[in-house]
Protein chains: 2
Amino acid sequence: MKKELLFAKGLLAAILIFVTACSCPTNNQSEDCTLAVLDNIATRVSVRQFTDRAIDKDVLEDIVRAGMAAPTAVNKQPWAFVVVTEREMLDSLNRVHPYAHLETATAAIIVCGDMEKALDGYAREYWIQDCSAATQNILLAAHAYGIGSVWCGVYPDPNRIPEVTRVLGLPGGIIPLNIITMGYPASEDLQPKDKWKPENIHYQRW
Amino acid sequence: MKKELLFAKGLLAAILIFVTACSCPTNNQSEDCTLAVLDNIATRVSVRQFTDRAIDKDVLEDIVRAGMAAPTAVNKQPWAFVVVTEREMLDSLNRVHPYAHLETATAAIIVCGDMEKALDGYAREYWIQDCSAATQNILLAAHAYGIGSVWCGVYPDPNRIPEVTRVLGLPGGIIPLNIITMGYPASEDLQPKDKWKPENIHYQRW
């Protein structure tokens, strides 16, 4: 009886630690979840070398789903996503973008603006911000899955836009913002850049 | 001796459970951390009504730190952040932006592009993408802290840019991209929009 009691005491400690320290993701605002999110943001790095391990289609879909969760001006969602996993297509994209780093990538997501869904006049330009927010969500979701990625700019490069448009067969009104190169990182020793500069912060006014 | 052994066994169970099931945030790629990050992205909503609870300065700094962790074209980091918490300044900003929703907000972060740090020629425009990525990081970090926010566009609105510039005393070459309105949500019942549209995804090519 005493034996069981002692073992139970140890197990109680286990349960207490488990419940108090490990309540994500059901309680999104637990301290652990806050740290997990901040840590994911802080440790994301640009990855350009990958192993040959393929990314599951379901995982790619989850990652694009994260992209579509971004906010957009007047909720226009002026975007489309091309998911590329075929070697031949990755190579074709690599030939038209000098810094796409697709040599060893196993996937790419091309985030595009859809001008039919975009706002009018000067507000049309909000598609760039909307699609950039979606892109950042994609980078963060990929990183959370242990997948490395790098944001390779296409728009507003006057050479890259028509070339990527041609390779992907994009119709008129669809503008490629970037190529997100993806795969499982070849190196485990990737250190994030420390970009913290307190002098970039101003309080109340400039 | 036997007592300690039994208790130790229980504790060992605790440690095993802790290490295997609850390793965030030290092991960023545990399943729990992945879910915490995806959940944080999926449940973020635009919040426009807030309680009067102030946001700690340290928390605001952590949130801006997340902003600075965003990737930027050629690592230029062409940004600056104005953090506003004074009621009078929040009201002044509210008067010059018709949809800033700062009435009950306790803080605002204005994400600005710094043209001195931006690239040249057409590539100058990458500041918009860089600052949008930083903004999305800020929204996500705030949400992880249980803080609500809403992205209120300033650039490229020809009326809002000069007005926000004037209120904040921004020098030449500093362009306000947005006002991020912030505070602790007044309502606990905020449902995220479901923006998942599989027809927005194309595989291999359009």
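Residues numbered from 1 in each chain as written. Chains lettered and ligands numbered in written order. Predicted model: local features only at pLDDT ≥ 70, side-chain atom pairs only at ≥ 80, totals over all residues. Heavy atoms only, no water.

A. Spatial organisation of the relation of the copies chain A and chain B. In screw terms, the move from chain A to chain B is a rotation of 180° and a rise of 0.0 Å along the axis, fitting with an RMSD of 0.0 Å. Taken together, the turn and the small shift mark the pair as related by a two-fold rotation axis. Counting the interface residues of chain A, we find that 100% of their copies in chain B are interface residues as well, pointing to one common contact surface. (Least-squares fit on C-alpha atoms with pLDDT ≥ 70 in both. Contact = heavy atoms within 4.5 Å.)

B. Structural context of helix H3 (residues 57–68) of chain A. Given a rise of 1.5 Å per residue, twelve residues ought to cover 16 Å, and the 17 Å separating the end C-alpha atoms of H3(A) matches this to within 8%. The set of residues buried in H3(A) consists of A:Val59, A:Leu60, A:Ile63, A:Val64, A:Ala66, A:Gly67 and A:Met68. Where H3(A) is buried, its residues touch strand S1 (79–84), strand S2 (107–114), helix H5 (126–144) and strand S4 (174–183) of chain A together with helix H2 (31–43) and strand S5 (201–203) of chain B. (Helix = DSSP H or I, 4+ residues; strand = E, 2+ residues; numbered from the N terminus. Expected span 1.5 Å × (residues − 1). Buried < 20%, exposed > 50% of the residue type's maximum accessible area, 1.4 Å probe, protein only.)

C. Summary view of the sheet that holds strand S3 (residues 148–153) of chain A. The strand order across the open sheet built from five strands is S3(A)-S4(A)-S2(A)-S1(A)-S5(B), with neighbouring strands paired in mixed fashion. Each edge of the open sheet is held by one strand with a lone partner, namely S3 of chain A together with S5 of chain B. Strand after strand, the sheet turns through a mean of 25° between neighbouring axes, direction not considered. The pairing of S1(A) with S5(B) spans three bridges and is parallel. Bridged to A:Phe81 within S5(B) is B:Ile201. (Pairing = 2+ DSSP bridges. Axes fitted to C-alpha atoms, helices over the stretch in contact; angles between N-to-C directions.)

D. Up close: empty space enclosed by the protein. Scanning the model with the defined rule gives one cavity of 30 Å³ or more in all. Within this model, the largest cavity holds a volume of roughly 40 Å³. As for the largest cavity, its lining consists of A:Val37, A:Asn40, A:Ile41, A:Leu140, B:Val37, B:Asn40, B:Ile41 and B:Leu140. Secondary-structure elements contributing two or more residues to the lining of the largest cavity are helix H2 (31–43) of chain A together with H2 of chain B. The residue inventory of the lining of the largest cavity, partitioned by class, reads six nonpolar, two polar and no charged. (1 Å grid on protein atoms, 1.4 Å probe; cavity = no way out; pocket = protein on both sides within 12 Å on 5 of 7 lines; lining within 4 Å. Points joined across faces, edges and corners; volume = space filled by probe spheres on them. Nonpolar A, V, L, I, M, F, W, Y, C, P; charged D, E, K, R; others polar.)

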